[in-house]
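What follows is each chain in one-letter form.
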Amino acid sequence: MKRVSACCFISLFSRTHRKHKDKDTQRIREAMENPMHNAGNNVENAVRNTNDSNCGHATNVILNHDFSEGLHLWHANCCDGIVVSAESAYLEGISEKSAGSYAVVTNRKECWQGLEQDITVRVSPGSTYTVSARVGVSGPLQGSTDVSATLKLEYRGSGTSYVFIGRTSVSKERWEKLEGTFSLPTMPDRVVFYLEGPSPGVDLLIESVVISCSSPSEYESVSQGCFSAGDENIILNPKFEDGLNNWSGRGCKVALHDSMGDGKILPLSGKYFATATERTQNWNGIQQEITGKVQRKLAYDVTAVARIFGNNVTSSDLRVTLWVQAPNQREQYIGIANAQATDKDWVQLQGKFLLNGSPSKVVIYLEGPPAGTDILLNNLIVKHAEKTPPSPPPVIENPAFGVNIIQNSSLSDGTNGWFPLGNCTLSVGTGSPHILPPMARESLEPHEPLSGRYILVTNRTQTWMGPAQMITDKLKLFLTYQVSAWVRIGSGATGPQNVNIALGVDSQWVNGGQAEVNGDGWHEIGGSFRIEKQPSKVMVYVQGPSPGVDLMVAGVQIFPVDRQARFRYLRRQTDKIRKRDVILKFSGVDSSALLGTLVLVKQTQNSFPIGSCVSRTNIDNEDFVNFFAKNFNWAVFGNELKWYWTEPQQGNLNYKDADEMLDLCKSHNIETRGHCIFWDVDGTVQPWVRALNQKDLMAAVQNRLTGLLSRYKGKFRHYDVNNEMLHGSFYQDRLGKDIRANMFKTAHQLDPSPLLFVNDYHVEDGCDTRSSPEKYIQHIFDLQDQGAPVGGIGIQGHIDSPVGPIVCSALDKLGILGLPIWFTELDVSSINEHIRGDDLEVMLREAFAHPAVDGIMLWGFWELFMSRNNSHLVNAEGDINEAGTRYLALKKEWLSHARGQIDDQGQFTFRGFQGTYTLQIITSSKKVSKTFVVDNGDLPLVVSIDL
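Please read all numbers here as calculations on a predicted model, not as lab measurements.

### As for the sheet that holds strand β13 (residues 253–257)
Taken in spatial order, the five strands of this open sheet run β13-β14-β21-β16-β19, and their pairing is antiparallel. Each edge of the sheet is formed by a strand with only one pairing partner; in this case those strands are β13 and β19 (347–354). Looking at each pair of strands side by side, their axes are set apart by 35° on average, direction ignored. Note: β13 against strand β14 (residues 273–277), five bridges, orientation antiparallel. Residue pairing for β14: leucine 256 is matched across the bridge by alanine 274.

### Focus: the side chain of serine 484
Mapped onto the elements, serine 484 comes out in strand β26 (residues 480–489). Note on serine 484: relative accessible area 1%, which makes it buried. When sequence neighbours within four positions are dropped, the list of residues in contact with serine 484 reads Pro437, Ala440, Ile525, Gly555, Val556 and Gln557.

### Digging into the pairing of strand β28 (residues 508–517)
Across the 10 residues of β28, seven count as buried, placing the element largely inside the fold. Sheet topology places strand β27 (residues 497–505) next to β28; eight bridges connect them, and they run antiparallel. Bridging from a neighbouring strand, glutamine 497 pairs with valine 517 of β28. The antiparallel pairing of β27 with β28 creates a hairpin that spans two residues between the two strands, and aspartate 506 there sits at a positive phi of about 55°.

### Digging into the sheet that holds strand β38 (residues 755–760)
Spatially, eight strands are ordered β34-β35-β36-β37-β38-β39-β40-β41 in a closed barrel, and the strand pairing comes out parallel. Between one strand axis and the next, the sheet turns through 25° on average, direction left out of account. Two strands pair when backbone bridges link them, and strand β34 (residues 610–614) and strand β35 (residues 634–637) are joined in this way by four bridges, in the parallel orientation. In the sheet register, cysteine 613 faces β35, and the bridge partner there is valine 636. In the packing of helix α13 (residues 804–815) onto the sheet, the strands contacted are β39 (792–795), β40 (821–826) and β41 (853–858), and the crossing angle to β40 comes to about 135°.

### Overview of the packing of helix α3 (residues 563–578) against helix α14 (residues 833–848)
Each pair of packed helices gets described by two things: the angle between the helix axes and the distance between those axes. In the contact formed by α3 and α14, the axes pass within 9 Å of each other and the chain directions differ by 30°. Here α14 runs roughly parallel to α3, going by the angle between their axes. For the element pair α3 and α14, the recorded crossing hand is left-handed. In this structure, α3 contributes Arg563, Arg566, Phe567, Leu570, Arg571, Thr574 and Arg578 to the contact, and α14 contributes Ile835, Asp838, Asp839, Glu841, Val842, Arg845, Glu846, Ala847 and Phe848.

### Examining the pairing of strand β10 (residues 190–196)
For β10, the tally of buried residues reaches seven of seven residues, placing the bulk of the element in the interior. Covered by surrounding structure in β10 are Arg190, Val192, Tyr194 and Glu196 together with Val191, Phe193 and Leu195, the residues of both alternating faces. Sheet topology note: the strand β7 (residues 144–155)/β10 ladder contains seven bridges and is antiparallel. The partner of glutamate 154 across the bridge, within β10, is arginine 190.

Rules used throughout
Residues numbered from 1 in each chain as written. Predicted model: local features only at pLDDT ≥ 70, side-chain atom pairs only at ≥ 80, totals over all residues. Heavy atoms only, no water. Pairing = 2+ DSSP bridges. Helix = DSSP H or I, 4+ residues; strand = E, 2+ residues; numbered from the N terminus. Axes fitted to C-alpha atoms, helices over the stretch in contact; angles between N-to-C directions. Buried < 20%, exposed > 50% of the residue type's maximum accessible area, 1.4 Å probe, protein only. Contact = heavy atoms within 4.5 Å. Parallel < 35°, antiparallel > 145°, perpendicular 65-115°, else oblique. Left-handed = near helix turned anticlockwise from the far one by under 90°.

Treat this as a map of the structure, not an account of what it does.
Laid out in structure tokens, this is it:
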């Protein structure tokens, strides 16, 4: 090992090493008990120069060095941390006041407990770093105490060591400067800086910390060290002004140009552009290594200007991708941005990424077009992402809940207000229902009967022809509208017909609801929509039956829904469905002596399953894991159990990711769903499976069942057996109808313990006739008739602008089967966090208030790790947004607490949610604590408490 200077020695005393090892074990345990510390403020202007720096011109390695952004990127080490202003009483008695905010590290039980920050990506071996910190103390202290600065160095396979940086003696009367230097002879896998040292019970105060690079190494001279998370582009030579330096081809050649195509292709900006040429695979492209320039747990914005050329390809998908290699050689490909590129114009690709772990190598590259087509790159920018300010709650004046915006809905004025879309003919008929469709009836106040008149549409020569109406000026942004109508078709149809209420919002088609209609009567259409950007034109129209089939439409209603009124109803329903009367019956002491004794009841955990989707890369981010373990009690793996992941090539099995994720869930007492054994949609089946003949495919299916179910026997509580059978039929088409039921039967034989689920989407929102509740029920009946042990119903829940009564209607219909219903992949999406929170609250309340629903799984919660944009609860760098706040508020609402006195029967009664409780009985002489569990049941639960 290279010798280091006296002020930079490695502290490897056995006593110290053992102490810090215990500290790390405790931190894992504490992660379940403490929320993230002020996770949330973006690193804006995180790099600041201060007078305390010994290298004033250098970049500060420490981010949020003066706590102006709370404790963002700092972590309290098995203790508590807060940020207070200079006027705080913590500074009483200190002669020199702080200039601004400062951190207070309190509830310290050990001298090593303090405040830490991961600086792995911002330091490099061979450089000398200077440390300067302003520290103080507060609390029960006589005289002075030491405060120390320390580095924790983690090496895979060889343990952890500690580097002493410096210390200073501090009393309660003043701030002191702590100084020191350090150098790293080799690069560890993880480097953590922390401040520690005062005696237990003494609060540690930290005003600022600066670590500057006083002697850069050769490694840092190419921007690999002295990292900055500011506004600069981390891409070197981004506009090719230095030729092709720092760029290379990924499986192909690269060339520099100032023009192409006989001078018709010129740079959009600057003087040059580069091409990736002689491409033989779609993943070939132009690349740059950015190892050491990106920091884990920070979000980066990416912008590329590119186009394509050659091989007679005029348009193609073009992608920006990140290749990441971990120290254990695990590889990951992160899709950052994609766009449809052409050979006519430059196109801009924009995206965002975040690394959860500490990579050993990172490469960014462009790929996508077919072989033989050149990729042209004019510019590439990768910068630390600016914080997006929280969206304000939308101001909606006079929402007029329940008021129909459709003109002449009753047709009392003929077809006035309506017009034919296309060359069809509109007239008015009579004989339609007088009652509102059921889903609309649930949403509206008492409503007058419908008129019984309907629009008759004849002479239809295209499926899209039908009645239409302009509603542009009647819509309000961010209001959720419910859509309702009765529809019927005339004679001449050869089978069931899809009828759809649609909206043309400028050039976009919006689905307002669909129904499959037979020629045997009136059918309800129920749906919803919301508009979040101001349109110039909005038209509603009814379409769908085959040309030549007459269409009848009655009682069209489009009205904004009052979600708060629905929430009030759902709270009452929740109290009936999810709570139970509890009688605490005390014994062991004379009842007369207990009369009037104070009882405090607090629920610590609701047992109702609420879980989330996680991925393997997520568990490398301790902030993600902390939030996940604290706020969810179930998990489902996004991809890691799917067949295309566990066996991407025949015989090449990968269960390592799923094993590690199961271990994490087990360590946090989190139950898991198995998603999924098979996936019946053609596009999700890996190429080698698609290429098999019938006999080999049957053998592969059997091997998949045997391998997965035997390996994880007893470890998953549920399995989604064959995902999305209402939307795909890959296995049934090739192996016959019996294969679906046989998958269930074989899975049950291999592992009888888990419930076996069907799982599909658009079941609950009225917008897909393929997966209506009626179709789903028939599908389940068909499986059961073939002997399939269907144990549960999965509703994925990828939903837009949800309306409670529509969701509840689907649940009521499916509930007749008597099987447990789970929302298995719930997510909602809105550009406005408050509306997103409303949507999420709708879904969570509807599910929790319905007796047939046994659990809810969110399809993720962390930005950049969701399948849909604008659906996250926690922003990329850890701040909880309004939707996340709403989720946590519901979790808190669904905990029961009670206090009162023991009655003359020696009892205390209350009504509470199912789950785990703590009980305190406080008498004049003692305080007794107990725990008990409230489980499901209709009769009052009697809990005997022996005192």
